[in-house]
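What follows is the residue order along each chain.
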Amino acid sequence: MAGKNNIRNCSFLSVWKHSLRCWMLLFPLMSLGSVQAGKISMRVVSGPFDISEEPHYDCQNKILLFVDKLVGKICIYNPQTGCTTCSCNLGEELAGVIPIQDSRNEFLAGLGPKLVKITWNGRPECKPQVVTLGRFDYDAFATFSDGKADCTGRTFMDTKGKMFCDGTMVPYQASIFQYDRDYCNLKIEQYKDATFYNGLAWNTKYTRMYLCESLLEKVFGFDYDIDTGKISE
């Protein structure tokens, strides 16, 4: 793919692949502690969960959002109280929960093949309200994997091939989508040249977008235009 460069191997992702084959492997939510004399301390702050992923710190509300991925739950960890609350099971695999600016209870998320807006007050006894904003149901072999918003609020979601019970995945189903606010739907940016896209991020100047291909154990880099939201092909 032109404009995309493999920048390093991610050998640690082999652990992730192994964990995906162990469907009921329990993951705690970890917290990084202080750094002293070059050492990083870690402690468990919540859990365990089936697979805890997609951590996003909401600076506006001072909470940590994450998902219990395979069972489709949104979770909120409050560092001030040390408490964690999770929603009910939303029925599909959940990816990339992003808080909506100037709102305490509204989030964008990938739910199965759909980009949705979720309204949830953080109380486990209250069922989240889900509104579909866009979907790609023409492709029955893929599901959303991860999602992020850039500094202007543009939302990108990546996909992966659906996984079978033996841990294998439908190949060449990974794509990158952007939510088009003018047309209120998803538009595709990159199409099916990989199997398991994951882990979207940008550099600090928003001139590069980075993306893991977890099965290949690689990280790809794309040129990114913050003014237009375009990524290199």
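For every chain, the first residue of its written sequence is number 1, and the numbers climb from 1 along that sequence. Residue-level local features of this predicted model are given only where pLDDT is at least 70; pairs of side-chain atoms are given and counted only at 80 or more, and the full residue set underlies all totals for whole chains, interfaces and linings. Note that water and hydrogens are dropped before the side-chain values are worked out from all heavy atoms of the structure.

Caption draft 1: Looking closely at the nonpolar core. Nine residue types can take part in a nonpolar core, namely buried Ala, Val, Leu, Ile, Met, Phe, Trp, Tyr and Cys, and a core is a set of them joined through side-chain atoms within 4.5 Å. To sort residues, take the accessible area from a 1.4 Å probe on protein chains only and compare it with the maximum for the residue type: under 20% means buried, over 50% means exposed, and anything in between is partly exposed. By size, the foremost hydrophobic cluster in this structure holds 14 residues, and its most contacted members are Leu65, Ile74, Leu94, Val97, Ala109 and Ile118. By the criteria applied, helices consist of DSSP H or I runs no shorter than four residues and strands consist of E runs no shorter than two, each listed in order from the N terminus. For this core, the secondary structure elements donating two or more residues are strand 5 (63–68), strand 6 (73–78), strand 8 (94–99), strand 9 (106–111) and strand 10 (114–119). We call two residues in contact when some of their heavy atoms are within 4.5 Å. Setting aside its immediate chain neighbours within four residues, isoleucine 74 contacts Phe66, Thr85, Cys86, Ser87, Leu94, Val97, Ile118 and Trp120. Judged by nonpolar contacts, the second largest core, of 13 residues, contains Ala174, Ile176, Trp202 and Met209.

Caption draft 2: Representation of the side chain of aspartate 150 in the model. Residue placement: aspartate 150 occurs in the loop between strand 12 (142–149) and strand 13 (155–161). Accessibility expressed as a relative area gives 5% for aspartate 150, which makes it buried. With residues near it in sequence (within four places) discarded, aspartate 150 still touches Phe156, Trp202, Tyr206, Tyr224 and Ile226.

Caption draft 3: Up close: the packing of aromatic side chains. Only centres within 6.5 Å qualify two rings of Phe, Tyr or Trp (six-membered ring in Trp) as a pair; their planes then separate them into stacked at under 30 degrees, edge-to-face at over 60, and tilted for everything else. Following the criterion strictly, the structure yields six aromatic pairs and no others. Ring centres of phenylalanine 156 and tyrosine 224 lie 5.9 Å apart, and the angle between their planes is 75 degrees; on these two criteria the pair is classed as edge-to-face. Residue phenylalanine 156 is located in strand 13, and its partner tyrosine 224 is located in strand 18 (residues 218–225); the two are separated by 68 residues in the primary sequence. For phenylalanine 156, a relative accessible area of 0% corresponds to the buried category. Judged by its relative accessible area of 6%, tyrosine 224 falls in the buried class. Ring pairing ties together the aromatic residues Phe156, Trp202, Tyr206 and Tyr224, which thus form one cluster.

Caption draft 4: The arrangement of the sheet that holds strand 4 (residues 52–58) in detail. Strands qualify as paired when DSSP identifies two bridges or more between them. Judged by pairing direction, the sheet is antiparallel, and its four strands sit side by side in the order 4-5-6-7 without closing on themselves. Each edge of the sheet is formed by a strand with only one pairing partner; in this case those strands are strand 4 and strand 7 (83–86). Taking each pair of neighbouring strands and ignoring which way they run, the sheet shows an average axis angle of 20 degrees. Judged from the four bridges that link them, strand 6 and strand 7 form a sheet pairing that is antiparallel. Bridge pairing in strand 7 places asparagine 78 opposite cysteine 83. Axis lines are fitted to C-alpha atoms, over the contacting stretch for helices. Their N-to-C directions set the angle, which ranges from 0 to 180 degrees.

Caption draft 5: How the structure looks around the environment of alanine 95. Tracing the backbone through its elements, the reader meets alanine 95 in strand 8. We classify alanine 95 as buried; its relative accessible area is 0%. The spatial distance from the C-alpha of alanine 95 to the C-alpha of glutamate 54 is 6.9 Å, given a sequence separation of 41 residues. Every residue in contact with alanine 95, bar those within four places of it in the chain, is listed here: Glu54, Lys69, Ala109, Gly110, Phe144, Ser145, Asp146 and Met157.

Caption draft 6: Quick look at the state of the cysteines. Disulfide assignment relies on a single distance test, namely cysteine sulfur atoms paired within 2.5 Å. According to the stated counting rule, one finds one disulfide in the structure shown. Among the cysteines around cysteine 88, which has no disulfide bond, cysteine 126 carries the closest sulfur, lying 9.7 Å off. By relative accessible area, cysteine 88 is classed as partly exposed at 28%.

Caption draft 7: Quick peek at the pairing of strand 5. With six of six residues buried, strand 5 lies mostly within the body of the structure. Bridging between strand 4 and strand 5 involves five bridges; their strand directions are antiparallel. Within strand 5, the position partnered with aspartate 58 by the bridge is isoleucine 63. Between the end of strand 4 and the start of strand 5, which pair antiparallel, lie four residues, with lysine 62 showing a positive phi angle near 55 degrees.

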